[in-house]
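The residues making up each chain are set out below.
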Amino acid sequence: MVKIIICVIAYLILAPVIGGLLAGIDRVISARMQGRHGPSVFQPFYDFFKLLEKEPITVNNVQDFYIACFLLFIVVTGFFFFAGMDLLLVIFTLSLASTFLIIAAFSSNSAYPQMGAERELLQMMAYEPMVLITAIGFYLYSGSFNVADIIHNSKMSFPYMIGIFAGFLFILTIKMRKSPFDLSMSHHAHQELVAGLKTEFSGKTLAMVEIAHWYENIFLLGFVFLFFANGTIAGTVIGIVVCLVTYFFETFIDNNFARMKWNVALNSSWLVAITLGMINIVVLYFM
Amino acid sequence: MSTIFILIIFAFVVALALLVLKADAGRDILVKIAAAVIAAGSIWTAVEFFRSGEDTVNIAMHSAESVISYAMLAIEVILALVVIFLGIKHKKYLASVLAAIQAPFTVWFELTKAHHIEVENNVSIDRLSIIMILIVGIVGSLITVYALGYMKDFQHHQGGPDRRPLFFFLMFTFLSAMFGLVVSNNLLWMFFFWEITTLCSFFLIGFTRTEEAVNNSFRQLVLNLIGGLSFLTGIIVLGSFYGTIELSTLVTLGVQGYGALMVVPTMFLALAGLTKAAQMPFHSWLLGAMVAPTPTSALLHSSTMVKAGVFLILKLAPCLGFNMAGIMVMLIGGITFLLASFAAISQSNGKRVLAYSTIANLGLIVICGGVGATGAVWAGIMLLIFHAITKSLMFLCVGTAEHQIGSRDIEDMDGLFGRLPRLASFMMIGIAGMFLAPLGMLISKWAAMTSFIDSGNFFLVAVICFGSAATAFYWTKWLGKLSAIVAARENIESGVNKEETFVHGALVAMEIVICLIFPFVSKIFVIPYIEGVWGVSNLAATLSSNNMIIMCVMLAVLLILILLFYGKTNKKIVPIYMAGANTGDNLTYMGSMQTEMTQSLRNWYMEKYFGEKKMNMLGLASTITILGVAFAIAIGTIITMMSVMGGGF
């Protein structure tokens, strides 16, 4: 119980710090890959605090409510995850949070955010089967949906769930909003939809979206960690190293691919879910 | 436990009274009083049931048995003659032929075979019946109240002869038949009510008597008469080879592990359930039913008709599972759920989206019955309850929107939030209830998912993963349309009837309250029902109590947040970004040639991926093949049984 409380408090406090740092590292590495010097590692934090000082404006009286709910439920999602609770509960809370973000964009009735919202919806439809399959895979392997039980399973699940791991990595690119699948909004300047989904968000509202993104990334890496956790220190170390490598890998992909059409995102992620994901599920059933 | 009989008779007497009552004022009062009495009566039935302390209240009714059976037979023959006549009149001969086959078989079986079969209990009421009685009694009668205001507008718009007396007669007859259906244990009695509901929907769908309405009503009739014929065949096989026509006997044998032995009659009964529950390949009747006035759709989709189909399949669950009947039901349900969810993406007509969503959700309930395990049945019953409330809310909201804005197209619901704020909020709650945590349908879908995983059927696992993704897509884009704040919209809320607003409000309240207390619903109704049927004790709910409590708390928190903070801001409100210069009204901008351009936004429908035609083709081809194979085997088995029994026939 004490351990859970520590875990949760650590998540609530450290996730935005580590998430922000990772975002900074991402920007430095990206710059180096492009032959630039790049900003400071702390640049995301400077940006964040600057956003807080902007003039408080909005396009309607409901958008901020939706965004606040988005942030709240993203934090709650991670809370459930790090408290060792049910993976499906985690996934459904995450969908609730994402829906709030999409509705916030729709509510502006502005062209770019709405197109971004439709694309975000499409991305959700693309990655959701694989996310569910991942949770089901953990359940079939360890006999429980609870994160706490999965972590304490003495046998590392990765060797038995390689297909699912690969599938999860694939959709992680969508989830982390990296090129080639950063359709709905992008942190690059070359988005054809202005800022996509977040065009009408500004000041504190935009800051909330940013911090939610940091929370989300940490909890997604938590998912990656689950594949390697086996209750030992060695497993934990391997898990953390793989998380970092994964993050680097996503940055690498981000810088080496052009944005693709939405059809590719949907086709490829469903194909991955059916092949890598479902075949692995069938294998787990027969184990 | 006599209240239920009073309910059946009362609803029918009210129906007759409404048929002769022509004055608006009289109808208004009678319908409201009758709806209140029926709702109260169904609650009282539940109270009586719980006071009896039994799992199943059986009522033998031996003294009245033959009178009732003969009366039912006589009515069935008369109705068959009516169908034959109407079929010939409208040149829909297939309907006439089906009725002409069904009637003599019914008479033959009743007069020669059924007499020798002793029926222990003609009526039996368990917790599932009580759930159905409450749904029919409360949701169903709310819909009749809504219909009062709606049909006034409808008559006003439509003109022509006033056929409202017939409309209300049919609605109350429908409720009466549903009450009868859910408490019948004698399958011949259930069959009688089954056919009455088919005929009521036939007349309701054809209500406007336009060519389209007549065609669609006959399609419904033909498909459901096929189902009826299958029901009858099931009864005849059961009576001839197994010597019983009681549903409880069939179910008990299923629980005892003889499901495989009973597979043939189970298959025929299940097929009847599939037709009524609008599963592929029979689903087209439910899509066609939209031509009827909205209260009809609400009634058919939520509390009656299709729910009779899934009720039967859930009842049969112990006989299903991994045998031929169960596999057939699971496959049909799975394919229907997946393809109907996809097809809903391509639709912009609000009622059509609702229809596909109904078909898909019924598919999910059908799978739950087909899996036949306790966990899946728990999820199936929960889905049934939540779906009844939420879907009736959605239909009634779309009906009102249609009368106010003159369109049922989702694209025309742009900025509904400005024009009809209350209605738009109700619709948003309804939509959220269909797919979002922490509301009802998601909770039940979650339970369904875990039970499918435990059943070891990976086809179903894949189906629910992909189907849920599609479900979220089509609901969210509708939700987005509703939530958009479009400038310069006039509030026209005052045009909405007070009856309609009352019913919307009542359904929203029910949806939220049931979501908040669903652990109790599980504990008081669903768990004891399953324990009673399967003869197990200490059954746990499919979802852990932790998760159930978290869902309730999340909902409570959300409600508080909405009440406290929704729509409040002290920030400066600025115009939106429009690429060209916003002319200031958020609707037009200066184009590159210095002309004013109007912005219009449309949703995605992805016709190439999820086009309706493609999904229907795929669905029809695969489900017809499955049914063909399954019934070829079943009929072969019957022929073998006949030759083994020698002079059985």
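What counts, and where the lines are drawn
- Each residue is numbered by its place in its chain's sequence as written, counting from 1.
- Lettering for chains starts from A, numbering for ligands starts from 1, and both go in the order in which the items are written.
- pLDDT decides what is reported in this predicted model: residues at 70 or higher carry local features, side-chain atom pairs at 80 or more are listed and counted, and totals for whole chains, interfaces and linings draw on all residues regardless.
- Think of the side-chain values as coming from all heavy atoms in the structure, minus any hydrogens and water.
- A helix here means a DSSP run of H or I that spans at least four residues, while a strand means a run of E at least two residues long, and both kinds are numbered starting from the N terminus.
- Based on C-alpha atoms, the radius of gyration is set beside the globule rule, defined as 2.2 Å times the residue count to the power 0.38.
- Three exposure classes are used, based on accessible area relative to the maximum for each residue type with a 1.4 Å probe and protein chains only: buried under 20%, partly exposed in between, and exposed over 50%.
- Any two residues whose heavy atoms approach within 4.5 Å at even a single point are treated as in contact.
- Here the Shrake-Rupley method, with its probe set to 1.4 Å, supplies the accessible areas, and only the displayed protein chains count as covering residues.
- Charged residues are defined narrowly, with Lys and Arg counted positive, Asp and Glu counted negative, and His plus the chain ends left uncounted.
- Charge positions come from single atoms, namely NZ of Lys, CZ of Arg, CG of Asp or CD of Glu.
- Polar contacts, as used here, are pairs of N or O atoms within 3.5 Å; protein pairs need one atom able to donate a hydrogen and one able to accept it. Residues neighboring in sequence count only if both atoms are side-chain atoms.
- Buried area is understood as the total, over both parts, of accessible area removed when two parts are fitted together, assessed with a 1.4 Å probe.
- Between Lys or Arg on one side and Asp or Glu on the other, a salt bridge is scored when a side-chain nitrogen of the former is within 4 Å of a carboxyl oxygen of the latter.
- When the centres of two rings from Phe, Tyr and Trp lie within 6.5 Å, Trp using its six-membered ring, the rings pair. Their planes under 30 degrees apart give stacked, over 60 give edge-to-face, and anything left gives tilted.
- For a ring to carry a charge above it, either NZ of a lysine or CZ of an arginine must fall within 6 Å of the ring centroid while also lying within 35 degrees of the normal to the ring plane.
- Between the N-to-C directions of two axes lies an angle of 0 to 180 degrees, each axis being a line fitted to C-alpha atoms and, for a helix, fitted only over the stretch in contact.
- Oblique is the label for any angle not covered by the other classes, which are roughly parallel (under 35 degrees), roughly antiparallel (over 145) and roughly perpendicular (65 to 115).
- Should the near helix be turned anticlockwise from the far one by less than a right angle, the crossing is termed left-handed; should it be turned clockwise, right-handed.
- Each residue gets one of three labels, nonpolar for Ala, Val, Leu, Ile, Met, Phe, Trp, Tyr, Cys and Pro, charged for Asp, Glu, Lys and Arg, and polar for the others, Gly among them.

Enquirer: Could you give an account of the overall build of chain A, with specific residues and numbers?
Expert: When helices and strands are tallied, chain A shows ten helices and one strand. Helices and strands appear in chain A in the N-to-C order α-α-β-α-α-α-α-α-α-α-α. What you see for chain A is a C-alpha radius of gyration of 19 Å, in line with the 19 Å of a compact globule of 287 residues. Judged by the C-alpha coordinates and their principal axes, chain A covers about 55 × 45 × 40 Å. Taking all 287 residues of chain A together, 62% fall into the buried category. Considering only intrachain contacts with a sequence separation of at least 6, the fraction spanning at least 24 residues in chain A is 77%. Summing over all exposed atoms, chain A offers an accessible surface of approximately 10700 Å²; the carbon and sulfur share of this is 73%.

Enquirer: Now, about the overall build of chain B: what can you tell me, with residues and values included?
Expert: In terms of helices and strands, chain B carries 24 helices and six strands. In terms of overall dimensions, chain B has C-alpha extents of about 90 × 55 × 50 Å along its principal axes. When each of the 649 residues of chain B is scored for burial, the buried share is 64%. Counting contacts in chain B only where the partners sit at least 6 residues apart, residues at least 24 apart contribute 82% of the total. Surface summary for chain B: the accessible area is close to 22200 Å², and the carbon and sulfur share equals 67%. Positive and negative charge centroids in chain B, built from 36 and 33 side chains respectively, lie 6 Å apart.

Enquirer: Give a detailed account of the environment of I88 of chain B, specifying residues and quantitative values.
Expert: All names here are of chain B. Tracing the backbone through its elements, the reader meets I88 in helix 3 (residues 62-89). Residues I88 and F218, spaced 130 residues apart in sequence, show a C-alpha to C-alpha distance of 12 Å. Contact partners of I88, with chain neighbours within four places excluded, come to Y93 and S96.

Enquirer: Lay out the environment of N186 of chain B in plain terms, naming residues and giving numbers.
Expert: Residue and element names in this part refer to chain B. Within the secondary structure, N186 sits in the loop between helix 6 (164-183) and helix 7 (187-205). With relative accessibility at 3%, the residue N186 sits in the buried group. Contact partners of N186, with chain neighbours within four places excluded, come to V119, N121, N122 and I245. For N186, the side chain forms a polar contact with the side chain of N122, separated by 2.8 Å.

Enquirer: Which residues make up the interface of chain A and chain B, and what values do they have?
Expert: With 61 residues of chain A at the contact, the number on the chain B side is 64 residues. Counting each side, the surface lost to burial between chain A and chain B is near 5500 Å², with a carbon and sulfur contribution of 75%. Joining chain A to chain B, the criterion identifies two salt bridges. Between D64 of chain A and K571 of chain B there is a salt bridge, with the nearest N and O atoms lying 2.9 Å from each other. Where chain A meets chain B, there are 17 residue pairs in polar contact (both at pLDDT 80 or more). Going through the elements one at a time, strand 1 (57-58), helix 3 (63-82), helix 4 (87-107), helix 5 (111-142) and helix 10 (262-285) of chain A are the ones with two or more residues in the side of chain A that touches chain B.

Enquirer: For the packing of aromatic side chains, give the residues involved together with the corresponding values.
Expert: The final tally for this structure, using the stated rule, is 55 aromatic pairs over all chains. Relative to W214 of chain A, the ring of F48 of chain A lies with its centre 5.8 Å away and its plane at 45°, an arrangement referred to as tilted. With a gap of 166 residues between them, F48 of chain A in helix 2 (residues 43-52) and W214 of chain A in helix 8 (residues 203-226) connect regions that are remote in the sequence. For the pair F48 of chain A and W214 of chain A, a shared accessibility class is recorded, and that class is buried. Judged by centre distance (6.4 Å) and plane angle (70°), the ring pair of F417 of chain B and Y566 of chain B falls under edge-to-face. In this pair, F417 of chain B sits in helix 17 (residues 416-419) while Y566 of chain B sits in the loop between helix 22 (545-565) and strand 3 (572-573), placing the two residues 149 residues apart along the sequence. The buried category is assigned to F417 of chain B, whose relative accessible area is 16%. Here the basic side chain of R163 of chain B rests over the ring of F207 of chain B, its NZ or CZ set 5.4 Å away from the ring centre. When the ring centre of W194 of chain B is taken as reference, the NZ or CZ atom of K276 of chain B above it lies at 4.6 Å.

Enquirer: Could you give an account of the side chain of H504 of chain B, naming the residues involved and the relevant values?
Expert: All names here are of chain B. If you trace the backbone, H504 turns up in helix 21 (residues 498-534). For H504, a relative accessible area of 1% corresponds to the buried category. Of note is the side chain of H504, whose polar atom sits 3.1 Å from the backbone oxygen of L396. Residues in contact with H504, not counting those within four places in the same chain, are Y146, L393, L396, C397, T400, L423 and F426.

Enquirer: Any chance you could break down the packing of helix 19 (residues 440-455) of chain B against helix 20 (residues 458-483) of chain B for me, citing the residues and the numbers?
Expert: All names here are of chain B. For the pair helix 19 and helix 20, the least separation of the axes is 9 Å and the interaxial angle reads 160°. By the angle between their axes, helix 19 is roughly antiparallel relative to helix 20. Considering how the two elements wind past one another, helix 19 and helix 20 form a crossing that is left-handed. Two secondary-structure elements touch here, helix 19 through K445, A448, M449, F452 and I453 and helix 20 through L460, V461, I464, S468 and T471. Of the residues in the contact of helix 19 with helix 20, the class split is seven nonpolar, two polar and one charged.

In short, the description is geometric, and any link to function would need to be established separately.
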